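# Breakdown of the fold
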Amino acid sequence: MKPKHWFVFILLGAIWSSSFMWIKIAVQEIGPITLVAFRVLFGLLFGIAVILIQRVQLPRTFRQWFPLLLLGITNVAIPFFLISWGEQSIDSAVAAILDATVPLFTILIAHYLLRDDKMTVPKVLGLLIGFAGVIVLMSKDIGASFGSILGQFAVVLASAFYAGSAVYVRKTTVDTPGILRSAGPLVSAAVVMGLATFFFESPVKIPHLGITWIALLFLGILGSGLAFVLSFYLIHEIGPTRTTMVTYLFPVGGVILGVAFLNEQLSWQLVVGAVLIIVSLVVANWQSAKSLAIES
């Protein structure tokens, strides 16, 4: 990774690790579907503005549009909703740690869909350690409400959708300009979530609190618009597996922000679960000096 890649990587991690805090703030006033609808709308407006400024040519055929529209469902609408819904019953710090399992799912999916990213012993070991970390995290809510367990499962499922989408992006959008990889999926996501809002959370509740609007603007413009541009740029520059390792930063940023600003409890399960998941990512992506020499 070159210095420019590291800069984008760290910036992306900072934006996304703080998104869990803003989601937790927003769901205090509005429903998860309404939250995602506003989020993707603001992200789409940001993308359209960049497209107009850069005068980017839009795809002209449905074949070019199809991967982008599909990603709007698998990489935006579904995981955004699952995380927002899950955070109604779990802490933002827990959601941030569970979302760090994205690279583990990526390793599993890439093994079957990419020729140059097969399963290895370190990857299998990493998957097992990561699974242990998820179990430790979930053990925190044993005996608690069933909603807390469902909330955690929702975030883990969102991670699986993110992982599958990262591999799909690598296979289908090589020649697509970066801003279109960001804005294109937001078109279908905005349509789907807008309709879902009127069907499932009608009458639509417009936020009244200023902090909720700040959360929605952050999640839309930075968390969806700019972050997607950075993410898809890295996927094509350094590959989906390395890009999804940005979730290394989620447990650190998510826990610090949740404890500091949302008064969330710092339990031993939170610490141990986060450590296990981070270790699992390091182990899964470990390469010997010999293999690194061959790559370089």
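It should be noted that the structure appears before, not after, this text.
Keep in mind the model is a prediction, meaning the values are calculated, not measured.

## Looking at the overall build of the protein
Scanning the protein from N- to C-terminus turns up 13 helices and zero strands. Traced from its N-terminal end to its C-terminal end, the protein shows the element sequence α-α-α-α-α-α-α-α-α-α-α-α-α. The C-alpha atoms of the protein give a radius of gyration of 19 Å, which matches the 19 Å a tight globule of 296 residues would have. C-alpha atoms of the protein, sized along the principal axes, occupy 60 × 55 × 30 Å. The proportion of buried residues among the 296 residues of the protein is 53%.

## Notes on the side chain of Ser18
Structurally, Ser18 is set in helix H1 (residues 3-26). One polar contact links the side chain of Ser18 to the main-chain carbonyl oxygen of Ile15, over a distance of 2.9 Å.

## With respect to the packing of aromatic side chains
Inspection of the entire model under this criterion finds 10 aromatic pairs. Of the aromatic side chains, those joined through ring pairs into one cluster are Trp16, Phe80, Phe228 and Phe232. Positioned above the aromatic ring of Phe80 is the side chain of Arg39, whose terminal nitrogen or guanidinium carbon lies 3.7 Å from the ring centre.

## Quick notes on unusual backbone geometry
Here Ser202 and Pro203 are connected by a cis peptide whose omega angle stands at 0 degrees. Structurally, Pro203 is set in the loop between helix H8 (178-200) and helix H9 (210-238). For Arg55, which is not glycine, the phi dihedral falls at a positive 55 degrees. Here Arg55 is to be found in the loop between helix H2 (32-54) and helix H3 (62-86). For Arg55, a relative accessible area of 77% gives the class exposed. Even without being a glycine, Asn263 presents a positive backbone phi close to 55 degrees. Following the sequence through the fold, Asn263 ends up in the loop between helix H11 (249-261) and helix H12 (268-284).

## Digging into the side chain of Ser224
Relative to the helices and strands, Ser224 resides in helix H9. With relative accessibility at 0%, the residue Ser224 sits in the buried group. In this structure the side chain of Ser224 is engaged in a polar contact, spanning 2.9 Å, whose partner is the side chain of Arg39.

## As for a nonpolar patch on the surface
Together, Val187, Val191, Leu195, Phe199 and Phe200 give the surface a local cluster of nonpolar side chains, amounting to about 560 Å² of exposed area. Topologically, Val187 is positioned in helix H8.

## Examining the nonpolar core
Nonpolar side chains in soluble globular proteins generally cluster together in the buried interior. Counting 76 residues, the largest nonpolar core has Trp16, Leu35 and Val40 as its most contacted members. If we ignore the near neighbours within four places in the chain, the residues touching Val40 are Val76, Phe80, Leu186, Ala189 and Ala190. Counting residues in hydrophobic clusters, the runner-up holds six residues, among them Val50, Val56, Ile179 and Leu180.

## With respect to H12
Here H12 contains 17 residues, and its C-alpha end-to-end distance of 24 Å stays within 8% of the 24 Å for a straight helix at 1.5 Å per residue. Among the residues making up H12, those that are buried are Gln269, Leu270, Gly273, Ala274, Ile277, Ser280, Leu281 and Ala284. Taken down its axis, H12 places every buried residue within 125 degrees of arc, on the same side. Each element contacted by the buried residues of H12 is listed here: helix H4 (92-99), helix H5 (102-113), helix H6 (121-139) and H11.

## What about the environment of Val167?
Of note, Val167 is situated in helix H7 (residues 146-172). Taking relative accessible area as the criterion, Val167 reaches 0% and is therefore assigned buried. Along the sequence, Val167 and Pro203 sit 36 residues apart, while their C-alpha atoms lie 38 Å from each other. Other than its neighbours up to four places away in sequence, Val167 contacts Thr106, Ile109, Ala110, Leu113, Leu114 and Pro240.

About the criteria used
Just so you know, the residues in each chain are numbered from 1, in the order the chain's sequence is written. It should be noted that, the model being predicted, local features are given only for residues of pLDDT at least 70 and side-chain atom pairs only at 80 or more, the latter also being counted only at that level, while totals for whole chains, interfaces and linings use all residues. The basis for every side-chain value is the complete set of heavy atoms in the structure, and neither hydrogens nor water enter the calculation. What counts as a helix is a DSSP run of H or I of at least four residues, what counts as a strand is a run of E of at least two, and both are numbered from the N terminus. Radius of gyration: C-alpha atoms only; globule rule: 2.2 Å multiplied by the number of residues to the exponent 0.38. Type-normalised accessible area, obtained with a 1.4 Å probe on protein chains alone, sets the label of each residue: buried when under 20%, exposed when over 50%, and partly exposed for intermediate values. For the purposes of these results, a polar contact is taken to be a pair of N or O atoms within 3.5 Å, where, inside protein, one atom must be able to donate a hydrogen and its partner to accept one; residues adjacent in sequence count only when each atom of the pair is a side-chain atom. Pairing of aromatic rings covers Phe, Tyr and the six-membered ring of Trp, with a centre-to-centre limit of 6.5 Å; geometry is then stacked below 30 degrees between planes, edge-to-face above 60, and tilted otherwise. By definition, being over a ring means that NZ of Lys or CZ of Arg is both within 6 Å of the ring centre and within 35 degrees of the ring normal. Patches here are clusters of residues that have more than 30% relative accessible area and form no salt bridge, with a 9 Å joining cutoff for like charges and a 5 Å cutoff for nonpolar side chains (Val, Leu, Ile, Met, Phe, Trp, Tyr). To measure how exposed things are, a 1.4 Å probe is used in the Shrake-Rupley method; for residues, cover is taken only from the protein chains shown. Throughout this description, the term salt bridge denotes a Lys or Arg side-chain nitrogen within 4 Å of a carboxyl oxygen of Asp or Glu. The definition of a nonpolar core used throughout is a set of buried Ala, Val, Leu, Ile, Met, Phe, Trp, Tyr and Cys residues joined through side-chain atoms within 4.5 Å. Whether two residues are in contact is decided by their heavy atoms: any pair within 4.5 Å suffices. The span you would expect from a helix comes to 1.5 Å times its residue count less one. Directions pointing from the helix axis toward each C-beta atom define the arc.

Purely spatial values, then, with no claim about function.
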